[in-house]
Amino acid sequence: MSLLQVKQVSLSFNSKKLFKGKDLSKKVLNDISFAIEEGTCLGLIGTSGAGKSTLGKVILGIQRPQQGQVLFQGYDIYNADKATQQKIRRDLQVVFQDSYSAVNPRMTAERIISEPLENYEKLTITEQRKRIIELLERVGLSEKDLKKYPHQFSGGQLQRINIARAVALKPKLIVLDESVSSLDMVTQSLILELLNELKDDFGLSYLFITHDIKAAFLISDTLGVLEKGELIELYDSKDQFFSSKHPIVKRLRDSILAEHPRFRTLTTKANWVNTNRLSKQL
Amino acid sequence: MGTYVLKRIMTIIPIFLIATLLTFGMINLSPVDPAEAYFTAAHIQATDEMLEQKRHEFGLDQPLLIQYVNALIKICQFDFGISYVTNKPVWEEITSRMPATIQLTIGSLLIAILVSIPIGFLAGMKKNTGIDHFSRFLSFIGASIPSFWLGYLFIFFFSVKLDLFPVEGTGTWKHLILPSLTLAFPLIALYTRLLRASVLENLQESYVLFARTRGIHEKVIMGKHVLRIAISPMITGLGMNLGNLMTGAIIVEAVFSWPGFGRYFIDAIFNRDVPVIQGYVLLAAGLFLISNLIVDLIQMYIDPRISRKGRQYQ
Ligand SMILES: Nc1ncnc2c1ncn2[C@@H]1O[C@H](COP(=O)(O)OP(=O)(O)OP(=O)(O)O)[C@@H](O)[C@H]1O
Ligand SMILES: [Mg+2]
């Protein structure tokens, strides 16, 4: 059984009817189906407005689709009882693009990371602090950062804290919605590297939502392309992206070809991507 | 943070100096001749020589700058002069009436907080429900009824018709209820609105929305993320109103014959009792400054970003 199954999900936002009879509702997701296996990362690529974030929200259980089902570990997340839902929420975490708006500006790093722990695990104060320090160190920060407030961190550091908070409960799946998109190239690749390590350490799965093909490529095992609410392509292996004949995929490929030299420097950091093979395919 | 606090306290000094200058200037600009006022208050038909002598006594024949500096030195020693009417030091008169006014102020603040926090919070959380409509009605009433009329309405209903509370005077807690409520009413209106708006705003914050998806318990979300932050504009409002309350008490004190310094001040206006008026205005300015200072310090404690913002401008 797949960890996450999305089955024929359709969603439209019904904007208010301006005139009688004229339905202005907007179809944002159209009959989407895919699955994520345990321990893998699905990269979801798409241009702005394609419906990526909306799909992420559907999977997180905060945007109920009009049609279709989302099954997490076999449970329908929109029709599960409260206890199951609470368990699902524990195993399904999220990291967003804007690291600042994802945290309460009046909480220290320690309190931000301790929140899920307090919520789900009853640890003693010393145990909890130990866990938090471990987590901070795991994401490349240190004990010194415990008492700092969000405004005292850089965007990249704060994103590390968001990641620490997300992995604190050892979840099964993390939805990463443009999680590295606002960071500079070097920080981006460092965070991607961290995500990759964490994935192996904790046996995590990711849904990596992005408009950045390079980033998706560096982290994903499987790839999907979303365009105007439709999942136009779904690849078991990311290499298939380069052999696809789909006109939209071609256009996406062309867009990274244009910045090819930069692409090459980015990948030097990450030895788990075969740069040579990549450039040959490009 | 320590330097921020210190700097914030230092800003009070120039502002207070400006307040003294304004008070002094306005009193000098007003057509009231203190010497004349003095004799009128004492019911003495003064001759020109007597007036002349009194003006000399008050130092009114000296240049304005010297007069101002002298006044300033006295103010720093809490010497606001002697009341024309009672012939007692103004400072003494004010401090002896202070407890009653403070009692009234604290009473109404408490009522305002106790009523507006639950109503504003619930109204924000349950938008467009019964409680929200009720809060809107309450704010509308509170903002539009003048306090003297509200005071008389309360007296009419609760004292005369229902005989629940005494009409006027002091002594027991029962005496305190109606005047405090009257004074609190506009505040309830204001704070309920403020809190409702900021609760609604905070509910839209991403970290609140996504705390839910992370499975954080609703109680924690509401308490830690929403209420704690939503309450901070209210504290600002509170500080700005604390000074207002003390001075706004004047009318309510008159309606309920409350023996605070508000009524004393009204009497002073009618008697053209210049030292009292001056003392009162300065006291009010001081109260405003201090209550704003306290609020700023509380805000800084609640929101750690503020002290940093403050530093950026220096
Ligand atoms: N709450 C909403 N009400 C109405 N329309 C919405 C709402 N949320 C999103 N949309 C619309 O749905 C479409 C998809 O939005 P979505 O945020 O999922 O795009 P995206 O693929 O994440 O884009 P981006 O890369 O810019 O983040 C957009 O056209 C947007 O206008
Ligand atoms: Mg998006």
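Owing to the predicted nature of the structure, the values given are computational and were not obtained by experimental measurement. (Residues numbered from 1 in each chain as written. Chains lettered and ligands numbered in written order. Predicted model: local features only at pLDDT ≥ 70, side-chain atom pairs only at ≥ 80, totals over all residues. Heavy atoms only, no water.)

Provide a residue-level description of the overall build of chain A, including the pertinent values.
Counting secondary structure elements, chain A contains 10 helices and 10 strands. Counting over 282 residues, chain A shows a buried share of 54%. Residue pairs in contact within chain A that sit at least 24 positions apart in sequence constitute 67% of those at least 6 positions apart. For chain A, the accessible area works out to roughly 13,100 Å², and carbon and sulfur atoms hold 49% of it. (Helix = DSSP H or I, 4+ residues; strand = E, 2+ residues; numbered from the N terminus. Buried < 20%, exposed > 50% of the residue type's maximum accessible area, 1.4 Å probe, protein only. Contact = heavy atoms within 4.5 Å. Areas by Shrake-Rupley, 256 points an atom, 1.4 Å probe, with all protein chains shown as cover.)

Give a detailed account of unusual backbone geometry, specifying residues and quantitative values.
Residues and elements named next belong to chain B. Positive phi, normally seen in glycine, also occurs at F78, with a value near 55°. Here F78 shows up in the loop between helix 5 (64-76) and helix 6 (90-125). Although it is not a glycine, N128 sits at a positive phi angle of roughly 60°. With respect to the element layout, N128 can be found in the loop between helix 6 and helix 7 (130-144).

Got a sec to walk through a nonpolar patch on the surface? Specific residues and values, please.
All names here are of chain B. Together, L6, M10, I13 and L17 make up an exposed nonpolar region whose accessible area comes to about 400 Å². Counting residues per element, the ones that place at least two in the nonpolar patch are helix 1 (2-10) and helix 2 (12-29). Looking at the element boundaries, L17 is found in helix 2. (Patch = residues over 30% accessible without salt bridge, like charges linked within 9 Å, V, L, I, M, F, W, Y side chains within 5 Å. Salt bridge = Lys/Arg side-chain N within 4 Å of Asp/Glu carboxyl O.)

So what's going on with the site of ligand 1? Which residues, and what values?
All names here are of chain A. Around ligand 1 lies a shell formed by F13, K26, V28, T47, S48, G49, A50, G51, K52, S53, T54 and E178. Residue S48 places a side-chain N or O atom 2.5 Å away from an oxygen atom belonging to ligand 1. A50 has a polar backbone atom sitting 3.1 Å from an oxygen atom of ligand 1. At three residues, helix 1 (residues 52-60) tops the list of elements feeding residues into the shell around ligand 1. For the shell around ligand 1, the per-class residue count stands at three nonpolar, six polar and three charged. (Near = heavy atom within 4 Å. Polar contact = N/O pair within 3.5 Å; in protein donor to acceptor, adjacent residues only side chain to side chain. Nonpolar A, V, L, I, M, F, W, Y, C, P; charged D, E, K, R; others polar.)

Quick one: what's the story with the packing of helix 12 (residues 261-271) of chain B against helix 13 (residues 274-302) of chain B, residue by residue and with numbers?
Each pair of packed helices gets described by two things: the angle between the helix axes and the distance between those axes. Residue and element names in this part refer to chain B. Packing of helix 12 against helix 13 brings their axes to within 9 Å, and their N-to-C directions diverge by 140°. Between helix 12 and helix 13, the angle falls in the class oblique. The element helix 12 and its partner helix 13 pack so that their crossing is left-handed. Judged by residue contacts, F261, Y264, F265, A268 and I269 of helix 12 engage V276, I277, Y280 and L283 from helix 13. (Axes fitted to C-alpha atoms, helices over the stretch in contact; angles between N-to-C directions. Parallel < 35°, antiparallel > 145°, perpendicular 65-115°, else oblique. Left-handed = near helix turned anticlockwise from the far one by under 90°.)

Now, about the sheet that holds strand 8 (residues 205-210) of chain A: what can you tell me, with residues and values included?
Residues and elements named next belong to chain A. Overall, mixed pairing links the six strands, which are arranged 6-7-8-3-9-10 in an open sheet. Lying at the two open borders of the sheet, with one neighbouring strand each, are strand 6 (92-96) and strand 10 (230-235). Each strand of the sheet is rotated relative to its neighbour by a mean of 15°, with strand direction disregarded. Bridging between strand 3 (residues 41-46) and strand 9 (residues 222-227) involves five bridges; their strand directions are parallel. Its bridge partner being in strand 9, G46 is matched across the sheet by L226. (Pairing = 2+ DSSP bridges.)

So what about the environment of G279 of chain B? Which residues, and what values?
Residue and element names in this part refer to chain B. With respect to the helices and strands, the residue G279 is situated in helix 13. Residues G279 and W91, spaced 188 residues apart in sequence, show a C-alpha to C-alpha distance of 7.5 Å. In this structure G279 touches F80 and I94, once residues within four positions along its chain are discounted.

Describe the interface of chain A and chain B, naming the residues involved and giving the relevant values.
Taken residue by residue, the interface counts 25 residues in chain A and 20 residues in chain B. Of the roughly 2,200 Å² buried at the junction of chain A and chain B (both faces included), carbon and sulfur atoms supply 54%. Considering only the surface of chain A that becomes buried against chain B, R106, E115 and H151 of chain A emerge as the three largest contributors, covering 32% of it. Taken together, the connections running from chain A to chain B amount to two salt bridges. A salt bridge links K224 of chain B to E118 of chain A; its shortest N-O distance comes to 3.5 Å. Scanning the region where chain A abuts chain B turns up nine residue pairs in polar contact (both at pLDDT 80 or more). Elements with a contribution of two residues or more to the side of chain A that touches chain B: helix 1, helix 2 (82-91), strand 6 and helix 3 (109-120) of chain A. Examining the composition of the side of chain A that touches chain B, we find that six residues originate from one element, helix 3 of chain A, more than from any other. Counted by class, the side of chain A that touches chain B contains 12 nonpolar, six polar and seven charged residues. (Buried area = accessible area lost by both parts, 1.4 Å probe.)

Describe the pattern of salt bridges, and please don't skip the residues or the numbers.
Residue and element names in this part refer to chain A. This model, assessed by the stated rule, comprises 19 salt bridges over all chains. Residues E110 and K147 are paired through a salt bridge, measuring 2.4 Å at the closest nitrogen-oxygen approach. With a gap of 37 residues between them, E110 in helix 3 and K147 in the loop between helix 4 (125-138) and helix 5 (155-167) connect regions that are remote in the sequence. On the accessibility criterion, K147 (51% relative accessible area) is exposed. Across the pair D221 and K199 runs a salt bridge whose closest N-O atoms are separated by 2.9 Å. Taken together, the positions of D221 in the loop between helix 7 (213-219) and strand 9 and K199 in helix 6 (residues 185-202) put the pair 22 residues apart, joining distant regions of the chain. Assessed through its relative accessible area of 7%, K199 is described here as buried. Ionic contacts of the salt-bridge type, sharing partners, join the residues R90, E121 and R131 into one network.

Explain the nonpolar core to me, and be specific about the residues and the numbers.
Counting residues in hydrophobic clusters, the biggest one holds 52 residues, and the most contacted among them are I161, Y206, F208 and F241 of chain A. Apart from the residues within four sequence positions on either side, I161 of chain A is in contact with A109, I112, I113, L136, L141 and F153 of chain A. Core analysis: the next-biggest nonpolar cluster, separate from the first, contains 43 residues, F121, L138, Y207 and V252 of chain B among them. (Core = buried A, V, L, I, M, F, W, Y, C linked by side-chain atoms within 4.5 Å.)

How would you sum up the confidence of the model for chain B? Please name residues and give values.
Residues and elements named next belong to chain B. Residues at a pLDDT of 70 or more form 95% of chain B, whose mean pLDDT is 82. Taken element by element, chain B is modelled with least confidence in helix 14 (residues 305-312), mean pLDDT 50, and with most confidence in helix 7, mean pLDDT 88. A low-confidence stretch, residues 309-314 stays under pLDDT 50, and its non-local contacts, those more than four residues away or across chains, total three contacts. At the level of chain-chain contacts, confidence expressed as ipTM amounts to 0.72, with global pTM at 0.74. (pLDDT = per-residue confidence, 0-100.)

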